[in-house]
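# Architecture and fold: a report
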Amino acid sequence: MMSNFFITGTRRGLGKALSEFYDTVDTLEECDVFINCKHDGFEQVELLYEAAELNKKIINIGSRVSDGIIRKKHRFSYAVQKSALAKANELLYYQGIDTTIIKFAGFDSPANNSTNPKMTIEYCVSVVDWVFNQPYRVKELTVGCAYIR
């Protein structure tokens with residue numbers, strides 16, 4: 001069965017790679033699968049709830065920083081926003097919504113200027129595709145590179 005995807009954040013990085021990998025549509029209403037990729041404050045949470053109301057399969061792109069792993073003060077608001085996304089995902093999941101959050105640690109994107117090891121965008125696309133193709137619901141997945149400080 002062919003699925004249509006609505007993906008946010010397709011100008012660069014992971015969103016762009018996902019939009020090149022999947023058949024996309026222009027609106028949330030016409031998709032089968034919503035990939036909630038673009039970080040834009042709490043907008044990701046709002047879009048998650050909209051997609052849930054439309055009964056879409058949802059894959060949220062979260063961050064490992066939502067687990068409280070943050071070292072830079074200027075990233076606190078980002079961590080709180082990603083935590084809200086993770087919590088909303090969990091609440092909707094337990095209400096029976098087909099929603100998953102993938103919490104990536106560092107991956108190679110224009111927004112990540114860290115010197116720590118990074119996953120490739122292609123690997124991240126393969127993780128999203130793995131979640132999409134699971135016959136059962138997946139609530140949450142954390143994926144990251146191992147490095148020791």
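Residues numbered from 1 in each chain as written. Predicted model: local features only at pLDDT ≥ 70, side-chain atom pairs only at ≥ 80, totals over all residues. Heavy atoms only, no water.

### Observations concerning the overall build of the protein
Along the protein, the regular secondary structure elements total 4 helices and 5 strands. When the helices and strands of the protein are listed from N to C terminus, the series reads β-α-β-α-β-α-β-α-β. Each of the 149 residues in the protein was classed as buried or not, and the buried ones make up 44%. In the structure as shown, the protein presents an accessible area of about 8500 Å², 49% of it carried by carbon and sulfur atoms. (Helix = DSSP H or I, 4+ residues; strand = E, 2+ residues; numbered from the N terminus. Buried < 20%, exposed > 50% of the residue type's maximum accessible area, 1.4 Å probe, protein only. Areas by Shrake-Rupley, 256 points an atom, 1.4 Å probe, with all protein chains shown as cover.)

### Quick look at the side chain of Asn89
Here Asn89 lies in helix H3 (residues 76–93). Beyond its immediate stretch of four places on either side in the chain, Asn89 contacts Leu48, Asn60, Thr99, Thr100, Ile101 and Lys139. (Contact = heavy atoms within 4.5 Å.)

### Overview of a negative patch on the surface
There is a patch of like negative charges on the surface, built from Asp26, Glu29, Glu30, Asp40, Glu43, Glu46, Glu50 and Glu53. Its place among the elements puts Glu43 in helix H2 (residues 43–53). You can call Glu43 partly exposed: its relative accessible area is 35%. (Patch = residues over 30% accessible without salt bridge, like charges linked within 9 Å, V, L, I, M, F, W, Y side chains within 5 Å. Salt bridge = Lys/Arg side-chain N within 4 Å of Asp/Glu carboxyl O. Lys, Arg positive; Asp, Glu negative; His and termini not counted. Charge placed at Lys NZ, Arg CZ, Asp CG, Glu CD.)

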